[in-house]
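Chain by chain, the residues:
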Amino acid sequence: MTLQDQVWFLTLAGIGGVAVVFLYVIGQATRQADADHVQTRAWVIRRWFFLALITLGVGVTAATLVPFPIPSQHASTQARQVVKVVGHQWGWHLSPGPITAGVPVEFQVTSADVNHGFGIYDAGGRLLAQTQAMPGRTNRLVHTFRQPGKYRILCLEYCGLVHYGMSVEFDVVGTAEVSRDRPLS
Ligand SMILES: [Cu+2]
């Protein structure tokens, strides 16, 4: 099960929990006989439920933001691989050189003309990371490719007539392939 599916099921479970509590409170509150007692209990339940929701929200946010993909924009990330990216109407230029799997890559993304959206996709069409490509500004994006293989960059922001054609494929190699390609000295 992917992380996205897990989050989705967690969300559904949370919504279900809220619904059950609401139904319970409504069911109890319509009983006239001990309305005061029920109201106090409902208030207590609501308070605890509210606290639980806050805790859950803070916990999920902290857990899912740990691998935060956007590094400090004002200092070098010290990543061992740096790829300079320039978006333009309508294509991408990437600085040459091998990109190795398992090692963080810092993409330094800018634009030569208008705003573009820099999105990295895997071979299955799944969006892995993205940032804005803006003229006059360099945005840093750090991504570690887990698998060697073919990846694709697409533009995520409509930028003119041939926006759909802003696509370029690149290879990510395994560490063994890099050392094999290097000349022995
Ligand atoms: Cu574009």
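Shown above is the structure to which this text applies.
All figures in this text were calculated on a predicted structure; none of them were measured in a lab.

### With respect to the overall build of the protein
Helix and strand content of the protein: three helices and nine strands. Moving toward the C terminus, one meets the helices and strands of the protein in the order α-α-β-β-β-β-β-β-β-β-β-α. When each of the 185 residues of the protein is scored for burial, the buried share is 26%. In the protein, 62% of the contacts between residues at least 6 apart in sequence involve partners at least 24 apart. Here the protein displays about 12500 Å² of accessible surface, and carbon together with sulfur accounts for 63% of that area.

### Details of a nonpolar patch on the surface
On the surface, a nonpolar cluster with roughly 580 Å² of combined accessible area is contributed by Met1, Trp8, Phe9, Leu12 and Ile15. The topology assignment puts Met1 in the segment before helix H1 (3–29). Looking at Met1, the relative accessible area reads 69%, which means it is exposed.

### With respect to the packing of aromatic side chains
What the rule picks out here adds up to six aromatic pairs. Between Phe145 and Phe170, the ring centres sit 5.8 Å apart and the planes meet at 75°, which makes this aromatic pair edge-to-face. With Phe145 in the loop between strand S7 (139–144) and strand S8 (149–155) and Phe170 in strand S9 (residues 167–173), this pair connects stretches of sequence that are 25 residues apart. The two residues Phe145 and Phe170 agree in class, both being buried.

### Things to note about unusual backbone geometry
Cis geometry is adopted by the peptide bond preceding Trp90, which originates at Gln89 and carries an omega value of 0°. Inspection of the secondary structure assignment puts Trp90 in the loop between strand S1 (81–88) and strand S2 (91–94).

### A few points about the coordination of the copper ion
Around the copper ion, the protein contributes the donor atoms His116 (ND1), Cys155 (SG), Cys159 (SG) and Met166 (SD), which lie 2.1 to 2.5 Å from the metal centre. Angles of 90 to 130° at the metal separate the four donor atoms of the copper ion, which places the site in the tetrahedral class. Read in sequence order, the donor residues coordinating the copper ion give the pattern H-x38-C-x3-C-x6-M. On the criterion of sequence distance, the pair formed by Cys155 in strand S8 and Met166 in the loop between S8 and S9 is long-range, its members being eleven residues apart. Of the two residues examined, Cys155 and Met166, each falls in the buried class.

### Re the sheet that holds strand S4 (residues 104–111)
The four strands are arranged S2-S1-S4-S7 in an open sheet whose pairing can be described as mixed. Edge positions in the sheet fall to S2 and S7, since each of these pairs with one other strand and no more. Direction aside, neighbouring strands of the sheet carry axes that sit 25° apart on average. As paired elements, S1 and S4 share seven bridges and run parallel to each other. The residue bridging Val82 from the neighbouring strand is Glu106, located in S4.

### Considerations on the pairing of S9
Relative to S9, strand S3 (residues 99–100) is paired through two bridges, and the arrangement is parallel. Of the residues in S9, the one forming a bridge with Ile99 is Val172. Where S8 and S9 come together, six bridges link them in antiparallel fashion. Note that in S9 the partner of Arg152 across the bridge is Glu169.

### Some remarks on the side chain of Thr110
With respect to the helices and strands, Thr110 occurs in strand S4. Of the residues examined, Thr110 reaches a relative accessible area of 17% and is grouped as buried. Polar contacts involving the side chain of Thr110 include one to the main-chain carbonyl oxygen of Met134, which spans 3.1 Å. What Thr110 contacts, discounting residues up to four positions off in sequence, is Val85, Val86, Gly87, Ala133, Met134, Gly136, Arg137 and Thr138.

What counts as what
Residues numbered from 1 in each chain as written. Predicted model: local features only at pLDDT ≥ 70, side-chain atom pairs only at ≥ 80, totals over all residues. Heavy atoms only, no water. Helix = DSSP H or I, 4+ residues; strand = E, 2+ residues; numbered from the N terminus. Buried < 20%, exposed > 50% of the residue type's maximum accessible area, 1.4 Å probe, protein only. Contact = heavy atoms within 4.5 Å. Areas by Shrake-Rupley, 256 points an atom, 1.4 Å probe, with all protein chains shown as cover. Patch = residues over 30% accessible without salt bridge, like charges linked within 9 Å, V, L, I, M, F, W, Y side chains within 5 Å. Salt bridge = Lys/Arg side-chain N within 4 Å of Asp/Glu carboxyl O. Phe/Tyr/Trp six-rings, centres within 6.5 Å; stacked < 30°, edge-to-face > 60°. Donors = N, O, S within 2.8 Å, 3.2 Å for Na, K, Ca; no water. Tetrahedral: all angles 85-135°; square planar, octahedral: opposite > 155°, others 65-115°. Pairing = 2+ DSSP bridges. Axes fitted to C-alpha atoms, helices over the stretch in contact; angles between N-to-C directions. Polar contact = N/O pair within 3.5 Å; in protein donor to acceptor, adjacent residues only side chain to side chain.

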